[in-house]
Amino acid sequence: MKLLPRIFSIMALMTALASGLTSCDDNTSYADRLESETKHINRYLADQKVVGHIPENNEFEAGPDAPFYKMDSDGLVYMRVISKGDTENMAKKNDLVYIRFTRYNLADYSDGKLPEGTGNSDDVTYPEQFRYQNTTSQNSITWGEGIQVPLEYLGYGCEVDLVIRSQAGRNEDIANVIPYMYNIRYFKSRI
């Protein structure tokens, strides 16, 4: 992905390898977990409209029935744009970005229904934030590179659904090889 430096990828790989070497209590190899993750993602995306590339001039179709766009050649992130936000107000490097989200474990997706989600969409006492494109910020590193992808194309106030493969996800998702579908809204800090 052109959005963030390779440091996220290197950290993800190191975390994944450490996880694969130390946490295979159930005799499942890291390769088996990755294969299972791919099946979970494919099962979910099979029920969705998917476009295999970013549209020209970033002309994303928007709305709840918009397609998921494959955002990188490796298929680490797929994005459905619900709302483009204020494209006159785009994120800049090191902006403090607040998010409201619900995430769904795709390993539990079945019969066309997402499992119960978790997150802070309805709880204003549970703030989450990261520093946009700041590879030294602990929050940015913790959240991973996938969560930042929409801000390269959309403005503040945007809302998206993201399918994030574990390698581009949160630290614990990398270690556990769990893919998630997120519904996320992005807001610029007023500070």
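Basis of the calculations
- Residues numbered from 1 in each chain as written.
- Predicted model: local features only at pLDDT ≥ 70, side-chain atom pairs only at ≥ 80, totals over all residues.
- Heavy atoms only, no water.
- Helix = DSSP H or I, 4+ residues; strand = E, 2+ residues; numbered from the N terminus.
- Buried < 20%, exposed > 50% of the residue type's maximum accessible area, 1.4 Å probe, protein only.
- Contact = heavy atoms within 4.5 Å.
- Phe/Tyr/Trp six-rings, centres within 6.5 Å; stacked < 30°, edge-to-face > 60°.
- Salt bridge = Lys/Arg side-chain N within 4 Å of Asp/Glu carboxyl O.
- Polar contact = N/O pair within 3.5 Å; in protein donor to acceptor, adjacent residues only side chain to side chain.

A. Structural view of the overall build of the chain. Helix and strand content of the chain: four helices and eight strands. Written out in order from the N terminus, the α and β elements of the chain read α-α-β-β-β-β-β-β-α-β-α-β. Across the 191 residues in the chain, those meeting the buried criterion constitute 48%. A fraction of 64% describes how many contacts in the chain between residues 6 or more apart in sequence connect residues 24 or more apart.

B. Representation of the packing of aromatic side chains within the structure. Under the defined criterion, the tally for this structure stands at seven aromatic pairs. Between Phe60 and Tyr153, the aromatic rings sit 5.7 Å apart at their centres with planes inclined by 75°, giving edge-to-face as the arrangement. With Phe60 in the loop between β1 (50-51) and β2 (68-70) and Tyr153 in the loop between α3 (138-143) and β7 (159-164), this pair connects stretches of sequence that are 93 residues apart. Residues Phe101 and Trp143 carry aromatic rings whose centres are separated by 5.3 Å and whose planes lie at 80° to one another, so their mutual orientation is edge-to-face. Of this pair, Phe101 sits in strand β4 (residues 96-105) while Trp143 is found in helix α3, placing the two residues 42 residues apart along the sequence. Here Phe101 matches Trp143 in class, with each residue buried. Counting every residue linked through ring pairs, the aromatic cluster contains Phe101, Trp143, Tyr180 and Tyr182.

C. Quick look at the pattern of salt bridges. Under the definition given, this model contains six salt bridges. As a salt-bridge pair, Arg165 and Glu37 come within 3.7 Å of each other at their nearest N and O atoms. With Arg165 in the loop between β7 and α4 (171-176) and Glu37 in helix α2 (residues 30-45), this residue pair connects regions lying 128 residues apart in the sequence. One salt-bridge network, in which partners are shared between bridges, spans Arg103, Arg170, Glu172 and Asp173.

D. The arrangement of the side chain of Arg165 in detail. Overall, the relative accessible area of 12% leaves Arg165 in the buried class. Separated by 3.0 Å, the side chains of Arg165 and Thr38 make a polar contact. Contacts of Arg165, omitting those with residues within four sequence positions, involve Glu37, Thr38, Ile41, Gly75 and Leu76.

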